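Structural features, examined
Below, each chain spelled out in residue letters.
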Amino acid sequence: MRLVLKPALSRSWRDKETLQFGTVTRYAGVLDHADKALCDFLGLVDGTRDRPALLEAGERVGLGREPADTLLTELEEIGLLDDAEATDRALARFPQQHRELLGPDLASLSLVHSAPCAAPAILARRADARIEVRGAGRVGAAVAAVLAAGGAGTVTVADGGRVRPGDCSPAGLSPGDVGRLRSTAAREAVQRASARPLLPGPRRKPDGPPPDFVVLAPRDGSAAFAGGTYEARLLLRAGVPHLYVGVVEEFGVIGPLVIPGMSACGHCLVLRREDEDAAWPRVLAQLAHGGSGQARTPACDTALATAIAGLAALQVQVYLDGGRPPSVDGWCEVSARDGMPRRLRLRGHPDCGCLWQPLPPG
Ligand SMILES: [Zn+2]
């Protein structure tokens, strides 16, 4: 392990002998009695030395071997150290150009997960992740591109037809894609985001293993209502975690993120809406079947769609990185009226039964 002070943290003096690492005071690490020998030693914690070499260096700069050892332990305990060796290994999983783009992402991961090897381990896990996004509209294509940029190793986008102007957004499909096959344009958006050459991408075989995660982002925004569909039931049965995301009229919705057998599912949300509004099933049926009551110009604010895509991608990352995002047992809404994210809680519905079904084998 070659130790390095977290490169993501700024350094500033709180007074003439108190050194602060990081700007956001709540999370800052502070070192007292930072004299010249200590500062000289800190300059050597640059990722080129392992611990024994650093202890020797501590002796050389006049700090002393034992104080250097104590200082390294303290730096690790307050989350200021990374392992440069593990970082190099994790980045080596990605093509050179993507590696350079991932620098700030890895720096952010190292602040969220402070142990020296934690962030590289998570980035390496992202490199193995296989994510499928269903829907290449204004939200879905952007979710896919952002996930790929953040290090998800395999991101495929499933959709049919050709790109329409309403599918385009600055984070997803570009206006130059209008008229092209959605599947091709979305694949290229993913490849551009991760600095890969524009080549025919991987296709999932129908009988191959399921993806690690599925994002349900149909272009019409119906993800917000689609729980309980055949598609969702298949994902539940296969034990594949999935997230609903979409923009409906002036509302953006993220969630629920469903961990099969462990958190409330999309059908729980549908049943809850039915409890609150007896006419809901009739409205839902008309939405689902593309009846004459469909909006002639479906609303989808670009800023709202981009924000929803970014939040959705972030919550997928948080989940795949081992956390519990707010869309688990809940959902998040953002309105184009005020841009204020709100989180609503979702309990497993007693008539759904998704939480008492046994997990699939394997
Ligand atoms: Zn359910």
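Reading the values: the criteria
Residues numbered from 1 in each chain as written. Predicted model: local features only at pLDDT ≥ 70, side-chain atom pairs only at ≥ 80, totals over all residues. Heavy atoms only, no water. Pairing = 2+ DSSP bridges. Helix = DSSP H or I, 4+ residues; strand = E, 2+ residues; numbered from the N terminus. Axes fitted to C-alpha atoms, helices over the stretch in contact; angles between N-to-C directions. Parallel < 35°, antiparallel > 145°, perpendicular 65-115°, else oblique. Left-handed = near helix turned anticlockwise from the far one by under 90°. Contact = heavy atoms within 4.5 Å. Nonpolar A, V, L, I, M, F, W, Y, C, P; charged D, E, K, R; others polar. Donors = N, O, S within 2.8 Å, 3.2 Å for Na, K, Ca; no water. Tetrahedral: all angles 85-135°; square planar, octahedral: opposite > 155°, others 65-115°. Buried < 20%, exposed > 50% of the residue type's maximum accessible area, 1.4 Å probe, protein only. Domains from an automatic or database assignment. Polar contact = N/O pair within 3.5 Å; in protein donor to acceptor, adjacent residues only side chain to side chain. Salt bridge = Lys/Arg side-chain N within 4 Å of Asp/Glu carboxyl O. Core = buried A, V, L, I, M, F, W, Y, C linked by side-chain atoms within 4.5 Å.

Overview of the sheet that holds strand β3 (residues 18-21)
With antiparallel pairing, three strands are arranged side by side in an open sheet as β2-β3-β4. Two strands lie at the open edges of the sheet, namely β2 (11-15) and β4 (29-31), each paired on one side alone. Adjacent strand axes in the sheet meet at a mean angle of 30° when their direction is disregarded. Judged from the four bridges that link them, β2 and β3 form a sheet pairing that is antiparallel. Of the residues in β3, the one forming a bridge with tryptophan 13 is leucine 19.

Concerning the packing of helix α5 (residues 96-112) against helix α6 (residues 118-128)
Viewed as axis vectors pointing N to C, α5 and α6 meet at an angle of 125°, and their least axial separation amounts to 8 Å. Of the possible angle classes, the one that applies to α5 and α6 is oblique. Crossing hand, α5 versus α6: right-handed. Facing Leu102, Leu106, Leu109 and Ser110 of α5, the residues of α6 in contact are Ala119, Pro120, Ile122, Leu123 and Arg126. Considering only residue class, the contact of α5 with α6 consists of seven nonpolar, one polar and one charged.

A word on the coordination of the zinc ion
Around the zinc ion, the donor atoms from the protein are Cys265 (SG), Cys268 (SG), Cys352 (SG) and Cys354 (SG), and they sit 2.2 to 2.3 Å away. Taken together, the four donor atoms coordinating the zinc ion span angles of 100 to 122° at the metal, a pattern that classifies the geometry as tetrahedral. Look at where the donors of the zinc ion fall in the sequence and you get C-x2-C-x83-C-x1-C. Here cysteine 268 is found in helix α10 (residues 266-276), whereas its partner cysteine 352 is found in the segment after β13 (341-345), with 84 residues between them in sequence. When sorted by exposure, cysteine 268 lands in the same class as cysteine 352, which is buried.

Thoughts on the sheet that holds strand β6 (residues 81-83)
Reading across from one edge, β5-β1-β6 is the order of the three strands in this open sheet, with antiparallel pairing throughout. The open sheet has two edge strands, β5 (46-50) and β6, and neither has a second partner. Geometrically, the sheet is characterised by an average inter-axis angle of 35° between neighbouring strands, direction not taken into account. Alignment of strand β1 (residues 2-5) against β5, held across two bridges, turns out to be antiparallel. Each residue of the ladder has a partner; that of valine 4, found in β5, is aspartate 46. Helix α4 (residues 84-91) rests against β1, β5 and β6 of the sheet, and its axis sits at about 50° to β6.

Quick look at the domain arrangement of the chain
One can read the domain layout of the chain as domain 1 (2-84) and domain 2 (129-345). Taking the mean C-alpha position of each, domain 1 and domain 2 sit 44 Å from one another.

Focus on the side chain of lysine 6
By secondary structure assignment, the location of lysine 6 is in the loop between β1 and β2. A polar atom in the side chain of lysine 6 sits 2.9 Å from the backbone oxygen of serine 110. From its side chain, lysine 6 meets the backbone oxygen of serine 114 in a polar contact 3.0 Å long. Ignoring sequence-local partners within four residues, the contact set of lysine 6 consists of Gly79, Leu80, Leu81, Asp82, Ser110, Leu111, His113, Ser114 and Ala115.

As for the pattern of salt bridges
Taken as a whole and assessed by the stated rule, the structure comprises 20 salt bridges. When the shortest N-O distance is used, the salt bridge between aspartate 88 and arginine 2 registers 3.3 Å. Within this pair, whereas aspartate 88 is found in helix α4, its partner arginine 2 is found in strand β1, the two being separated by 86 residues in sequence. In this structure, the salt-bridge partner of arginine 93 is aspartate 128, at a minimum N-O distance of 2.4 Å. On the criterion of sequence distance, the pair formed by arginine 93 in the loop between α4 and α5 and aspartate 128 in helix α6 is long-range, its members being 35 residues apart. Residue classification places arginine 93 among the partly exposed residues on the basis of a relative accessible area of 42%.

Concerning unusual backbone geometry
Glycine aside, the phi torsion of most residues is negative, and most peptide linkages are trans. Omega for the peptide link from glycine 255 to proline 256 comes to 5°, which places this bond in the cis form. Summarising the element assignment, proline 256 is placed in strand β11 (residues 251-258). Positive phi is not limited to glycine here, since histidine 33 has a value of about 50°. Within the chain, glutamate 249 stands out as a residue other than glycine whose phi angle is a positive 55°. Residue position: glutamate 249 is located in the loop between β10 (242-248) and β11. A relative accessible area of 59% places glutamate 249 in the exposed class.

Observations concerning the nonpolar core
Ranked by internal contacts, the top residues of the largest apolar core, which has 41 residues, are Leu147 and Val215. It is helix α12 (residues 302-320) that contributes the most residues to this core, eight residues altogether. In contact with leucine 147, other than residues within four places in its own chain, are Ile131, Ala152, Val155, Val215, Ala313, Val316 and Gln317. With 23 residues, the next largest nonpolar core counts Ala37, Leu44, Leu54 and Leu71 among its residues.

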